[in-house]
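Close look at the chain arrangement
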Amino acid sequence: MEKWSLMTITVLLALTVRWAVSLGSYSGAGKPPMYGDYEAQRHWQEITYNLPIRQWYFNTSDNNLLYWGLDYPPLTAYHSFVCAYIAKLINPDWVALHTSRGYESQPHKLFMRTTVFVADLLIYIPAVILYCFSLKETSAKKKASTCALCILLYPGLILIDHGHFQYPLSLGLALWAVLCLSHDWDLLGSVAFCLALNYKQMELYHSLPFFCYLLGKCFKKGLKGKGLVLLAKLAGTVLVSFAACWLPFGTDVEQIMQVLRRLFPIDRGLFEACMFSSPTHCPDKVANIWCSLSVLIKIKNVISPRTQLKLSFAVTFLSLLPACIKLTVQPSLRGFKFALVSCALSFFLFSFQVHEKSILLVSVPVCLIINEIPFMATWFLLVSTFSLLPLLLKDGLLLPYAVTMPAFLAVCLASFSILEKTSAEDLQLKAFSLSLKGYVSWFKSFPRIVRSLFLLSLSLMGVLSVLSAALPPPQHLPDLFPVAVAVVSCLHFLLFLVYFNVVILWDSKNRGQKKIS
């Protein structure tokens with residue numbers, strides 16, 4: 001009873017914070033002609049309710065793809081249709097074809113915010129709660145609620161979902177998939193991840209760890225016996241799941257090809273993930289390597305779009321290859337969770353057409369290991385939220401950002417005493433340190449160095465946040481602060497990528513893992 005009381009308080013606190021953030025502004029509020037992501041979600045409801053399925057992804061007189069055309073997989077469209085059906089019952093004007101464009105009112109805002117709350121309550125929050133209770137390391141139920149509190153108060157996801165406006169369904173489904181795999185429910189986990197991938201194609205960031213972990217399990221069981229049976233079951237599960245999601249589009253090859261063209265518009269170029277959206281949105285302020293390098297070298301001007309695609313693919317593939325090989329050869333649940341972080345971060349830093357919000361695809365897996373490496377996880381989650389600052393300022397979310405960031409840090413300090421967990425062993429670098437020559441003298445001062453870097457990082461993020469919010473940029477450098485935020489965040493992420501890969505590659509113990517047989 002006590003464990004559920006603590007968890008109930010945790011959930012109520014998390015919901016209160018979400019409600020408070022949702023009272024503020026949202027993406028594109030009062031900014032015609034394109035508005036923002038809030039209008040995109042409303043427009044998809046308008047399109048899916050009023051047009052036949054065969055027109056959802058095609059440019060027609062009733063569906064101008066240049067105005068927030070659908071560019072997510074079928075499950076997003078089906079979800080939009082369900083929301084639209086309910087909206088139609090409440091107020092038909094909200095989803096009226098053509099005339100509802102740019103619709104804004106307090107009742108409609110309440111409805112849209114409620115749909116996000118429902119998605120959180122039905123999908124994301126239950127997965128977090130069950131995941132925290134399932135952790136072997138959190139035998140004390142108080143620790144389970146503490147871990148859940150830190151995950152549910154992660155400011156990046158709250159500010160984007162309940163401030164900017166976005167649904168947490170794909171991340172929630174991916175979390176359900178991880179939860180299923182942690183209980184050896186591999187087929188259910190495969191279904192959950194297929195649903196996540198068919199809700200948002202960005203779940204490809206997590207696809208290789210899922211594939212390598214399950215393939216590694218098949219290898220361990222033996223491909224001439226149980227492993228082959230498991231492999232066949234997994235393949236069948238994936239095929240059936242995809243077939244069910246794509247069934248309304250499966251009767252026409254052109255329909256399928258058009259959906260795929262909308263999902264992967266490679267002709268837009270390396271930086272053009274959002275060029276069809278608001279003209280005030282600048283896609284070059286993402287905290288990845290290509291946007292940061294463009295400060296010095298205008299990549300768009302010296303490399304052709306096709307070459308950009310090939311270069312991006314090659315660098316991304318090479319950066320995630322070590323973690324994937326290790327996971328396939330030595331599959332473990334712990335290694336799987338760390339690989340989710342490493343591979344998603346590789347995709348964010350090096351892949352094609354990255355949006356700033358895609359950092360959440362890295363942050364949620366980091367939340368899953370906050371109980372194992374609380375110091376580094378907290379640091380990463382703070383930096384990831386900081387990297388969203390230009391977008392949050394544009395949406396009028398400065399106050400929620402200024403409140404949730406220090407509140408999250410305070411909760412992590414109180415819950416995990418993170419400043420006391422900076423030794424090589426706490427950061428899971430003991431095996432790596434032992435492999436270095438002369439490690440003894442250098443690693444004696446390692447905790448102090450790490451704490452100093454953390455405090456320096458916090459100070460830098462604080463100063464840049466204040467400058468971005470309070471000072472107008474120089475006229476000849478209008479993007480000075482957004483670029484500074486992106487570059488500083490990118491440098492952090494590169495160091496985190498090295499760190500996570502070191503932990504993965506030097507981990508030979510696979511502590512706390514069930515034997516795969």
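Residues numbered from 1 in each chain as written. Predicted model: local features only at pLDDT ≥ 70, side-chain atom pairs only at ≥ 80, totals over all residues. Heavy atoms only, no water.

1. A look at the pattern of salt bridges
Evaluated as defined, the whole model comprises 10 salt bridges. The residue Arg261 makes a salt bridge to Glu254 at a minimum N-O spacing of 2.6 Å. One salt bridge connects Asp507 with Arg334, and the closest N-O pair in it is separated by 2.5 Å. With Asp507 in the segment after α22 (480–505) and Arg334 in helix α14 (residues 333–350), this residue pair connects regions lying 173 residues apart in the sequence. (Salt bridge = Lys/Arg side-chain N within 4 Å of Asp/Glu carboxyl O. Helix = DSSP H or I, 4+ residues; strand = E, 2+ residues; numbered from the N terminus.)

2. Structural notes on the domain arrangement of the protein chain
Parsing the protein chain into structural domains produces domain 1 (168–263) and domain 2 (265–507). Measuring from the centre of the C-alpha atoms in domain 1 to the corresponding centre in domain 2 gives 26 Å. The interface is formed by 23 residues belonging to domain 1 together with 25 residues belonging to domain 2. Taken together, the two surfaces of domain 1 and domain 2 that pack against each other cover about 2,000 Å², and 79% of this comes from carbon and sulfur. In terms of surface lost to domain 2, no three residues of domain 1 exceed Tyr205, Pro209 and Tyr213, which account for 33% of the buried area on that side. Summed over the shared surface of domain 1 and domain 2, the number is zero salt bridges. Summed over the shared surface of domain 1 and domain 2, the result is one residue pair in polar contact (both at pLDDT 80 or more). When contributions to the side of domain 1 that touches domain 2 are tallied by element, the ones reaching two or more residues are α7 (169–182), α9 (204–246) and α10 (253–263). Here the element with the most residues in the side of domain 1 that touches domain 2 is α9; it accounts for 13 residues. Residue composition of the side of domain 1 that touches domain 2, by class: 15 nonpolar, three polar and five charged. (Domains from an automatic or database assignment. Contact = heavy atoms within 4.5 Å. Buried area = accessible area lost by both parts, 1.4 Å probe. Polar contact = N/O pair within 3.5 Å; in protein donor to acceptor, adjacent residues only side chain to side chain. Nonpolar A, V, L, I, M, F, W, Y, C, P; charged D, E, K, R; others polar.)

3. Things to note about a nonpolar patch on the surface
A surface patch of nonpolar side chains, about 590 Å² in accessible area, is lined by Phe81, Val82, Tyr85, Ile86, Leu89 and Ile90. Along the chain, Tyr85 turns up in helix α3 (residues 74–90). (Patch = residues over 30% accessible without salt bridge, like charges linked within 9 Å, V, L, I, M, F, W, Y side chains within 5 Å. Areas by Shrake-Rupley, 256 points an atom, 1.4 Å probe, with all protein chains shown as cover.)

4. What about the confidence of the model for the protein chain?
The share of residues in the protein chain with pLDDT of 70 or more is 92%, and the mean pLDDT across the chain is 90. Long-range and interchain partners of residues 273–284, a stretch whose pLDDT sits below 50, account for 25 contacts in this model, where long-range means more than four residues apart. (pLDDT = per-residue confidence, 0-100.)

5. A closer look at the nonpolar core
Grouped together as the largest cluster of nonpolar side chains are 123 residues, with contacts concentrated most on Phe348, Phe380, Phe493 and Phe500. Counting contributing residues, this core receives three or more from each of domain 1 (168–263) and domain 2 (265–507). When residues no more than four places from it in sequence are discounted, the contact partners of Phe493 are Ala287, Leu345, Phe348, Leu349, Ile359, Phe380, Val383, Ser384 and Ser387. Among the nonpolar cores identified, the runner-up in size contains 35 residues, and Trp68, Ala77, Tyr78 and Leu263 belong to it. (Core = buried A, V, L, I, M, F, W, Y, C linked by side-chain atoms within 4.5 Å. Buried < 20%, exposed > 50% of the residue type's maximum accessible area, 1.4 Å probe, protein only.)

6. Some remarks on the packing of helix α13 (residues 305–329) against α22
Where α13 meets α22, the closest approach of the two axes is 10 Å, and the angle between their N-to-C directions is 25 degrees. Considering their axes alone, α13 and α22 lie roughly parallel with respect to each other. Two packed elements cross with a definite hand, and for α13 against α22 that hand is left-handed. Along its contact with α13, which presents Ser319, Pro322, Ala323 and Lys326, the element α22 presents Asn501, Ile504 and Leu505. Residue classes in the contact of α13 with α22 are distributed as four nonpolar, two polar and one charged. (Axes fitted to C-alpha atoms, helices over the stretch in contact; angles between N-to-C directions. Parallel < 35°, antiparallel > 145°, perpendicular 65-115°, else oblique. Left-handed = near helix turned anticlockwise from the far one by under 90°.)

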